[in-house]
Amino acid sequence: MAKPKTYYVCSECGAETPQWLGKCPACETYNSLQEEIAVQSSTDIPSRGVGAWHSQMSKKKTSNKPAKPRASLKLDQISDRQVERWSSGYGELDRVLGGGVVPGSMVLIGGEPGIGKSTLLLQVSNALSEEYRVLYISGEESAQQVKLRGSRLGAAHSLHEEANGNGAITVASETVGSEDNKKSTKVNSDLYILPETDLEEILKEIESLRPNLAVIDSIQTIFFPALTSAPGSVAQVRECTAALMKVAKNEDITMLIVGHVTKEGAIAGPKVLEHLVDTVLYFEGDRFASHRLLRTVKNRFGATHEIGIFEMVAHGLREVSNPSELFLGSRDDPAPGTAIVVACEGTRPIVVELQALVSPTSYTSPRRSCTGVDYSRLVQILAVLEKRVGIPMSKLDSYVASAGGLSVEEPAVDLGVAIAIVASFRDRIVDSGTVLIGEVGLGGQVRSVSQMELRLKEAAKLGFTRAIVPKGQKFPELDIEILPVSKVIDAIIAAIPQQTLTDEDLEMDDIDMEEMED
């Protein structure tokens, strides 16, 4: 018996090599090549190669018949069918999807273990099952575990199981209510649970049930029996995703797929997985915080870099309708070294409080630390403050953080970072009714940013009375005072008021000096 032919596939980019290498020649990632067994194909074209097939076809005599398409259509021949999006029941999820769920689309959701991916999809499945037929395929939990988790989430109706003939479990609803106020309306939920990892069985169930929505939790646990590689390998993930995508497009079934992530935070498996799907969402959050961010990385049906914000509570995930209140500190008791900025995530403005702490360093090289702010931009801002403003940042430790741990890495928050650092250095308090918007250039200029009108409207809606912005942009007429500046030093003068000493302050200073002499 001939030895099976093997080859090696990169788990990062999907490149193939005939032998093992320490570094992938395509993406230059170390230790990413995994061994796969080549499957012999029964067709002629793969065995001879596409080049040989093309050469044989070119040898055939072609007639002088006019050129005509075999299956392609002109753009104006395609029907203008208006696609009606579904509401998922959660406005934050509809926002990141571009306005709702598109029928026949394929959505990939990735995130750290325990971040809430399965919780979110079970809540969405429960909400959509009131109007559509939903199939929840669990490859990591049994049907009883899924039901237990669904009961813990505190849905509007309790759940019970009904086993059907093909092994799936129907989750239906019951009438609930207290003794004093019983609900007379019974909701007919159409949610089906299938604990299965075999791709062939999953496709048979989809063909038999014909759901409007199918949830795969998760793609790394699904395997195709014809392949000898283990579940979660490059070949298995690629083939299973391609098969599910073909079913989704042909049968107009929406697919929501859960994907594991690597220790670097990227979707596990080949990069082709993200290319196959229509939308890629990342579920992010700090394990020490209650809020979760659902971020769009790729979307064929809407804008990218949109975010939806949820909060993890005792009964599952809850939407945060006003995220600015979540990332905005107390404005009644301001502290030195804080500044308010307006960041934009996609088309969503979010008011965030930045905090800075500057202190003399005890080491040869000063320490720089940041949370939620881009480190390279922080270093540039510190260099600008030392060169253009004259603050000796090379002798000071600098710590900058965003309230709530929200990542604000866009250039529009540069001015807020600079003002917070200067306010901490001078031990001054920035007016709590002032917001700062602008990019800081290496020459000390305050450069213009995009979506200025959107940012100012959000600040005015939250009650801010003054905005320090770059000069040269057009500003809408709002109930907020606008102070255009062109240099960082001008913004510092406008944002940080000069300290005026009163007689009481001088008396307190005299008392302090006497105590120190004693």
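Everything quoted here is computed from the prediction, not taken from an experiment. (Residues numbered from 1 in each chain as written. Predicted model: local features only at pLDDT ≥ 70, side-chain atom pairs only at ≥ 80, totals over all residues. Heavy atoms only, no water.)

Caption draft 1: Quick peek at helix α4 (residues 117-128). Taking 1.5 Å as the rise per residue, α4 with 12 residues should run 16 Å; its terminal C-alpha atoms sit 17 Å apart, in good agreement. Within α4, burial applies to Lys117, Ser118, Thr119, Leu120, Leu121, Leu122, Gln123, Val124, Ser125, Asn126 and Leu128. (Helix = DSSP H or I, 4+ residues; strand = E, 2+ residues; numbered from the N terminus. Expected span 1.5 Å × (residues − 1). Buried < 20%, exposed > 50% of the residue type's maximum accessible area, 1.4 Å probe, protein only.)

Caption draft 2: View of the layout of surface pockets. One number sums up the size of the largest pocket: a volume of about 300 Å³. Surrounding the largest pocket, 17 residues form its lining, Pro113, Gly114, Lys117, Ser118 and Glu140 being those nearest its centre. Top contributing element to the lining of the largest pocket by residue count: α4, with three residues. Of the residues contributing to the lining of the largest pocket, the split by class is five nonpolar, seven polar and five charged. (1 Å grid on protein atoms, 1.4 Å probe; cavity = no way out; pocket = protein on both sides within 12 Å on 5 of 7 lines; lining within 4 Å. Points joined across faces, edges and corners; volume = space filled by probe spheres on them. Nonpolar A, V, L, I, M, F, W, Y, C, P; charged D, E, K, R; others polar.)

Caption draft 3: Region of interest: the packing of aromatic side chains. Enumeration according to the criterion identifies three aromatic pairs in this entry. Measuring from ring centre to ring centre gives 4.3 Å for Trp86 and Tyr132, while their planes differ by 20°; the resulting arrangement is stacked. Taken together, the residues span a long stretch of sequence, with Trp86 in the loop between α2 (50-59) and α3 (91-96) and Tyr132 in the loop between α4 and β5 (134-138) at a distance of 46 residues. Accessibility expressed as a relative area gives 9% for Trp86, which makes it buried. Look at Tyr132 and you get partly exposed, because its relative accessible area is 21%. Taken together, a centroid distance of 6.5 Å and an interplanar angle of 55° make the contact between Tyr90 and Phe310 tilted. Of this pair, Tyr90 sits in the loop between α2 and α3 while Phe310 is found in strand β13 (residues 307-313), placing the two residues 220 residues apart along the sequence. Across this residue pair, the class does not change: Tyr90 and Phe310 are buried. An aromatic cluster of three or more residues is present, and its members are Tyr90, Phe283 and Phe310. (Phe/Tyr/Trp six-rings, centres within 6.5 Å; stacked < 30°, edge-to-face > 60°.)

Caption draft 4: View of the side chain of Glu306. Looking at where Glu306 falls in the secondary structure, it is placed in the loop between β12 (291-299) and β13. On the accessibility criterion, Glu306 (4% relative accessible area) is buried. When residues no more than four places from it in sequence are discounted, the contact partners of Glu306 are Arg95, Val96, Leu294, Arg295, Thr296, Glu345, Gly346, Thr347 and Arg348. (Contact = heavy atoms within 4.5 Å.)

Caption draft 5: Layout of empty space enclosed by the protein. On inspection of all chains with the given rule, the structure shows three cavities of 30 Å³ or more. Of the volumes computed, that of the second largest cavity is approximately 40 Å³. What lines the second largest cavity is Val373, Asp374, Arg377, Ile381, Val408, Glu409, Glu410, Val413, Asp414 and Val417. Looking at the lining of the second largest cavity, the elements that each hand over two or more residues are α10 (375-389) and α11 (414-426). Its residues assigned to classes, the lining of the second largest cavity comprises five nonpolar, no polar and five charged.

Caption draft 6: How the structure looks around the packing of α10 against α11. It is at 10 Å that the axes of α10 and α11 come closest, and there the two elements cross at 55°. Here α11 runs oblique to α10, going by the angle between their axes. With respect to the hand of their crossing, α10 and α11 are arranged in right-handed fashion. On the side of α10, the interface is formed by Arg377, Leu378, Ile381, Leu382 and Leu385, while α11 contributes Asp414, Val417, Ala418, Ile421 and Val422. Looking at the contact of α10 with α11, its residues break down into eight nonpolar, no polar and two charged. (Axes fitted to C-alpha atoms, helices over the stretch in contact; angles between N-to-C directions. Parallel < 35°, antiparallel > 145°, perpendicular 65-115°, else oblique. Left-handed = near helix turned anticlockwise from the far one by under 90°.)

Caption draft 7: Molecular detail of helix α12 (residues 452-461). Every buried residue of α12 is accounted for by Met452, Arg455, Leu456, Glu458 and Ala459. Summarising the axial view, the buried residues of α12 lie within an arc of 160°, below the 170-degree limit, and thus occupy one face. In this fold, the buried residues of α12 make contact with α9 (323-326), β15 (338-345), β16 (348-360), β19 (434-436), β22 (466-470) and β23 (481-485). Positive backbone phi, approximately 95°, marks Gly463, located one or two places after α12. (Arc of directions from axis to C-beta.)

Caption draft 8: Spatial organisation of the pairing of β13. With five of seven residues buried, β13 is to be regarded as a mostly interior element. Bridge count between β13 and strand β14 (residues 316-319): four bridges; the pairing is antiparallel. Across the sheet, the residue bridging to Met312 is Leu317, located in β14. Between β13 and β14, which follow one another and run antiparallel, lie two residues. (Pairing = 2+ DSSP bridges.)

Caption draft 9: Focus on the sheet that holds strand β1 (residues 6-10). The sheet built from three strands is open, its strands ordered β2-β1-β3 with antiparallel pairing. The open sheet is flanked by β2 (16-17) and β3 (33-37), the only strands paired with a single partner. Pairing geometry for β1 and β3, over five bridges, is antiparallel. Its bridge partner lying in β3, Thr6 is registered against Ile37.

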